[in-house]
Amino acid sequence: MPATPPRPEPLQRARSAFGTLVPLLWATVAVALLAAGAEVWRYILLLASRNEALSADAVAASDAFVGSAGTVAPILTVVAGALLILWSVRASQAAAERAGVRPSRSTRAIVLGWLIPGINLSVPGSVLSEIEHSALELPADLRPRPSRLLLAWWALWVGSVVLSAVVLLWSLRSGVQARADGVVLHAVLDVLAAVTAAVTARLVTRLTRLLSPVRPRRRELVLSVRPSAAAPAARA
């Protein structure tokens, strides 16, 4: 019976998720900015339509731009979000292993903390704070104090979640003015999503590096060579 291969360590699995997550986050930044530009273009056309008739080609191009960016951006966001949750679970396990303690939260608690509305305003920041605390090798009985980067990410995350709910509720309204305001809200949300994704990429990179610091390689240099012993005299 073949032997079961050993399961990768938490740090190795966290770094594996990190290698896919960060490029995907930067792709999300680019697409979200494109989506914001599409919404701004749509708003300009809405303003122009008050005074003059719009070109059918311009309207069709705007609709296609908004539709394409509005489709790709949410897909990338969902995939990046799923990888972020996976990375946070693995990084939490790696941080606990590094600190020599048991993880303070189960996998289920972390996943639900990211997904349940309301709770997801506080739990993700707390999870990342605990990862940072353990990665810095601070005492386990000391309360985690998030870094400035983590606090900035936390504020952006809360703002993104709240604004997403506002945009969703606003889309239920009808009327020309409500539609115009909705376009502005979508543009602001896209910009906020781009900034949040960029800060997330920086934060994930920092925490992963803290969990697996690069050890300097020792180099040996030969400074001098001493003869071990005098060569014996040759016989006549």
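Scoring rules and cut-offs
- Here, residues in each chain are numbered from 1, in the same order as that chain's written sequence.
- A pLDDT threshold of at least 70 governs which residues receive local features in this predicted model, and a stricter bar of 80 or more applies before side-chain atom pairs are shown or counted, although totals over entire chains, interfaces and linings include all residues.
- For side-chain calculations, the full set of non-hydrogen atoms in the structure is used, while hydrogens and water are omitted.
- Numbering of helices and strands starts at the N terminus; helices are DSSP runs of H or I of at least 4 residues and strands are runs of E of at least 2.
- We count a salt bridge whenever a side-chain nitrogen from Lys or Arg sits within 4 Å of a carboxyl oxygen from Asp or Glu.
- Remark: exposure states derive from per-residue accessible area (1.4 Å probe, protein chains only) relative to the maximum for the residue type, with buried under 20%, exposed over 50%, and partly exposed in between.

*Asks:* How would you summarise the environment of Arg202 if you had to cite specific residues and measurements?
*Replies:* Here Arg202 is to be found in helix 6 (residues 176–211). Distance from Arg202 to Trp153, taken between C-alpha atoms, is 9.5 Å for residues 49 residues apart in sequence.

*Asks:* Let's hear about the pattern of salt bridges: which residues, and what values?
*Replies:* Side chains that carry opposite charge are capable of pairing whenever their charged atoms lie near each other. Tallying each qualifying case throughout the model produces 3 salt bridges. Note that Glu137 and Arg98 form a salt bridge whose closest N and O atoms lie 3.0 Å from each other. A residue pair is termed long-range when its members are at least 10 positions apart, and Glu137 in the loop between helix 4 (123–135) and helix 5 (148–170) and Arg98 in helix 2 (residues 56–99) qualify at 39 residues. Looking at Glu137, the relative accessible area reads 57%, which means it is exposed. As a salt-bridge pair, Arg206 and Glu132 come within 2.5 Å of each other at their nearest N and O atoms. Taken together, the residues Arg206 in helix 6 and Glu132 in helix 4 connect sequence positions 74 residues apart. Using a relative accessible area of 29% as the deciding quantity, one classes Arg206 as partly exposed. Residue classification places Glu132 among the buried residues on the basis of a relative accessible area of 2%.

Nothing here speaks to function; it is all geometry.
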